[in-house]
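Understanding the architecture of this molecule
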Amino acid sequence: LVPILPRVSGYIKSLYVEDYASVKKDSLIAEIDDVDLQLQLQEMEADFAQAQTDIGNAEASITNADASVTESKSNLDVAQTRKDKAHQDYERDQNLFRDGAITKKQLDDTKSAMDVADRQYESSKNNINVSQTRLGVINAQLKKADAIIKVKTAGIEEQKLKISYTKIYATSNGQIGKRNVELGQFVQAGNPL
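What counts, and at which threshold
In this convention, every chain numbers its residues from 1, walking through the sequence in written order. The predicted origin of the model limits local features to residues at a pLDDT of at least 70 and limits the giving and counting of side-chain atom pairs to 80 or more, whereas totals for whole chains, interfaces and linings rest on all residues. For the side-chain quantities, the full set of heavy atoms in the structure was used; hydrogens and water were omitted. Secondary structure elements are defined from DSSP: runs of H or I of at least 4 residues count as helices, runs of E of at least 2 residues count as strands, and each element is numbered from the N terminus. A helix is expected to span 1.5 Å multiplied by its residue count minus one. Classification of ring pairs uses Phe, Tyr and Trp, with its six-membered ring standing for Trp, and accepts pairs whose centres are within 6.5 Å; under 30 degrees between planes counts as stacked, over 60 as edge-to-face, and the remaining range as tilted. Three labels apply to residues, based on accessible area from a 1.4 Å probe with only protein chains included: buried if under 20% of the type maximum, exposed if over 50%, partly exposed otherwise in between. For two strands to be treated as a pair, DSSP must find no fewer than two bridges joining them.

Taking 1.5 Å of rise per residue, the 64 residues of helix H1 (residues 35–98) would be expected to cover 94 Å, and the 92 Å separating its terminal C-alpha atoms lies within 8% of that figure. Looking one or two places after H1, you find Gly100, whose phi comes out positive at around 80°.

Glancing now at the packing of aromatic side chains. Counted by the stated rule, this structure contains one aromatic pair. Pairing Tyr11 with Phe186 gives two aromatic rings, centres 5.0 Å apart and planes at 65°, and the pair type is edge-to-face. In this pair, Tyr11 sits in strand E1 (residues 10–15) while Phe186 sits in strand E6 (residues 186–187), placing the two residues 175 residues apart along the sequence. A relative accessible area of 48% places Tyr11 in the partly exposed class.

Moving on: the pairing of E1. Direction of pairing for E1 relative to E6: antiparallel, over a ladder of two bridges. Residue pairing in the sheet places Tyr11 in a bridge with Phe186 of E6. Sheet topology places E1 next to strand E3 (residues 28–32); three bridges connect them, and they run antiparallel. Note on E3: the bridge partner recorded for Ile12 is Ile32.

Quick look at the sheet that holds E1 now. Read across the open sheet, the four strands follow the order E4-E3-E1-E6; overall the sheet is antiparallel. At either margin of the open sheet sits one strand with a lone partner, and together these are strand E4 (167–169) and E6.

This is the structure:
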């Protein structure tokens, strides 16, 4: 005796054998309505497509963040050059002021320009740190999105497997006994048919 057991629950939509009929191994015996499972699969596939879009967005954000880091480094080089020049100008103007060649106001203006150049340099250094941190966050988001894709892929494969279980096949050659199921009847997974 070989029990015929459904692996999913649902309503019987087709019966292909009568009581005491002979069957061959792998012949279709019954079919469970799979409409709900198919709709769930479509929803899962749409959700998967959305997750793929999220990966595309994360990859584009990484490209932008890389460009931002590069730009910040270039800005730091420019700020370093301005800072160096401002310090040289201030040292030169200090000597000129001591010699009486420039006024106190001119020296103060040069000092102010040097202070501004120092602050711009520090700001440029901070911008690099912020850009690199943003890049790290986006890379983490991409890894998370990749993991989500793997989970969604596994879910889709599992759903397809469930759908395949809606077709119930004979597991061996033999003769069907008395059927315990009728067309349209709701069956539970694991209950003998």
